[in-house]
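Commentary on secondary and tertiary structure
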Amino acid sequence: RSSRPRRRDMGAGVFWPSTTPEEIGRATTLPKGHAKMLAKRDHSKGAMNSCPFMRMQARQEKYKQMEKLMEQEGKAEDKPSDNSAKAPDGKDNNTKDNSGEGKVEKMADGQSQKESKLEKEKKGSEEESKVEFKGPPDDGGEVALLFDDGDIQPTAGSARLLKEIGGGDKIRKTATTFYTKFLTDQLLKNLRIEKDGPEMHGKRFGDWLVEKMGGEGTPSTDLGRENQLDWQHMRSYFSPQRAPARQGKRFELDECRVWMRLMFLAGREEGLDKHTQFWNWYLKFIKHYIDIYNMCAPNYAERDAAWSLKKENLEKYIADGYTMPDVLNVGPKPEDYPPDSTSDDES
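Small disclaimer: the values here were computed from a predicted structure and weren't measured. (Residues numbered from 1 in each chain as written. Predicted model: local features only at pLDDT ≥ 70, side-chain atom pairs only at ≥ 80, totals over all residues. Heavy atoms only, no water.)

**A word on the overall build of the protein**
Put simply, the rule is: Here a helix means four or more residues in a row that DSSP labels H or I, a strand means two or more in a row labelled E, and each is numbered from the N terminus. Every residue pair with non-hydrogen atoms within 4.5 Å of one another is taken to be in contact. The accessible surface values rely on the Shrake-Rupley method and a 1.4 Å probe; as for residues, cover is taken only from the protein chains in view.
The helix and strand inventory of the protein stands at 15 helices and 2 strands. Considering only contacts within the protein whose residues lie at least 6 apart along the sequence, 64% involve residues at least 24 apart. Working note: accessible area of the protein is about 19700 Å², and carbon and sulfur atoms make up 52% of it.

**Focus on helix α12 (residues 253-269)**
So the rule is basically this: Given a helix with a known number of residues, its expected span is that number minus one, times 1.5 Å. To sort residues, take the accessible area from a 1.4 Å probe on protein chains only and compare it with the maximum for the residue type: under 20% means buried, over 50% means exposed, and anything in between is partly exposed.
Here α12 contains 17 residues, and its C-alpha end-to-end distance of 24 Å stays within 8% of the 24 Å for a straight helix at 1.5 Å per residue. Among the 17 residues of α12, 16 are classified as buried, and the element is accordingly described as predominantly covered. One or two positions beyond α12, positive phi appears at Gly271, with a value near 80°.

**Quick notes on the packing of aromatic side chains**
Condition: When two rings of Phe, Tyr or Trp (its six-membered ring) have centres within 6.5 Å they constitute a pair, described as stacked for plane angles under 30 degrees, edge-to-face for angles over 60, and tilted for the intermediate range.
Using the criterion set out here, one finds 19 aromatic pairs in the structure. Taking 6.0 Å as the distance between ring centres and 85° as the angle between the ring planes, the aromatic pair formed by Trp307 and Tyr317 counts as edge-to-face. With Trp307 in the loop between α14 (301-306) and α15 (311-319) and Tyr317 in helix α15, this pair connects stretches of sequence that are 10 residues apart. On the basis of relative accessibility, which here comes to 7%, the residue Tyr317 falls in the buried class.

**Details of the packing of helix α8 (residues 168-182) against helix α9 (residues 198-213)**
How we decide: Angles here are taken between N-to-C directions and fall from 0 to 180 degrees, while the axes themselves are lines fitted to C-alpha atoms, restricted in helices to the stretch in contact. Note that the term roughly parallel is reserved for angles under 35 degrees, roughly antiparallel for angles over 145, roughly perpendicular for angles of 65 to 115, and oblique for everything else. By definition, any crossing whose near helix is turned counterclockwise from its far helix by less than a right angle is left-handed, and any crossing with a clockwise turn is right-handed.
Put simply, α8 and α9 touch, their axes get as near as 7 Å, and they point 135° apart. Put simply, α8 runs oblique to α9. Crossing geometry of α8 relative to α9 is assigned as right-handed. When α8 is examined against α9, the residues Gly168, Ile171, Arg172, Ala175, Thr176, Tyr179 and Thr180 are found in contact with a partner set consisting of Pro198, Glu199, His201, Gly202, Phe205, Gly206, Asp207, Leu209, Val210 and Met213.

**Looking at the pattern of salt bridges**
Two side chains of opposite charge can pair, provided their charged atoms sit close to one another. Condition: Counted as salt bridges are all cases of a side-chain nitrogen of Lys or Arg within 4 Å of a carboxyl oxygen of Asp or Glu.
If you walk through the whole model with that rule in mind, you get 19 salt bridges. Here Lys170 and Glu270 are joined by a salt bridge, their closest N and O atoms 3.9 Å apart. Of this pair, Lys170 sits in helix α8 while Glu270 sits in the loop between α12 and α13 (276-293), and the two are 100 residues apart along the sequence. Here Glu270 falls in the buried class, since its relative accessible area comes to 12%. With its nearest N and O atoms 2.7 Å apart, the salt bridge here joins Glu255 to Arg242. With Glu255 in helix α12 and Arg242 in the loop between α11 (228-237) and α12, this residue pair connects regions lying 13 residues apart in the sequence. Its relative accessible area of 4% is what places Arg242 among the buried residues. What you see here is one network of salt bridges that share partners, running through Asp169, Arg172, Lys203 and Asp207.

**Points about the nonpolar core**
The cut-off we apply is this: We define a nonpolar core as any set of buried Ala, Val, Leu, Ile, Met, Phe, Trp, Tyr and Cys residues linked to one another through side-chain atoms lying within 4.5 Å.
In this structure, Leu209, Trp259, Met260, Phe278, Trp281, Tyr282 and Phe285 are the most contacted members of the largest nonpolar core, which totals 57 residues. Among the secondary structure elements, those contributing two or more residues to this core are α7 (156-165), α8, α9, α11, α12, α13 and α14. Tallying contributions element by element places α13 first for this core, with 11 residues. Setting aside chain neighbours within four positions, we find Leu209 in contact with Ile171, Trp281, Tyr282 and Phe285.

If you want it as structure tokens, here you go:
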């Protein structure tokens, strides 16, 4: 595990801007693990790049303006012109033509629209096949993770896996299933920040994962949510529902383990475990990202993925009021820490 790319910072934390106390609850020192993340930002353009909250506001404003322009263009297209409203003889050209000629014209229009749609779909599939991915070509076998500066990049192999399991909609459905469980779990629900339901939570997470796999564009970035995952998790550290002793800390081991158990459970319920290559890739993917928030959690990924195989575990979870007493408040063991770190680094 020590050779696996890491995205943690063992140095001092950085001070969070006091300009957004309503988002965090109070100005505070960031957990050490996020110092590197913010230090790596491009500060050449000033504060806009140095503060995730300001970037998020700028993106949201940009897309609001784009939506208004699109709405105005749509209204302009729908509005009939004065010249087409009435013919020179005073008859309304917009009245339905019930003659045989009118029906033939409508059928021709429908056929041309259908052909146009097929052409667009064909063009889209051709463009998709021309996308050049980083890393080695896909040989149809097991898919490895590809890293660039510690971040996972889409590859031809991961794009193939996405297509084989049912595409982005399958991922979004799985994420929605997970967040239905997340918002019911007595531990994880305390980390909730956004007040919308599992569908919107699932769409945000699903779009992000689809973009990481590749082959279906950049749905998360296109909606202005680039790099917002880190920002949302930072806000969760200071969730008012979280226990006072945990306020401001990165996710504890029990929070990560419950998260993994429910995430893999949702995947099994949606049938993703039936695709062995995807499931193996998914396990590696989860192990990498859970390591960012708790360095000991990856050691439990295989066990927590297997937890949902036993029916008695699920029955006990429900009987215990959607809690998992076997992991609650259970800290890491000394052997859980990677050899290049100490327990003090998790504070």
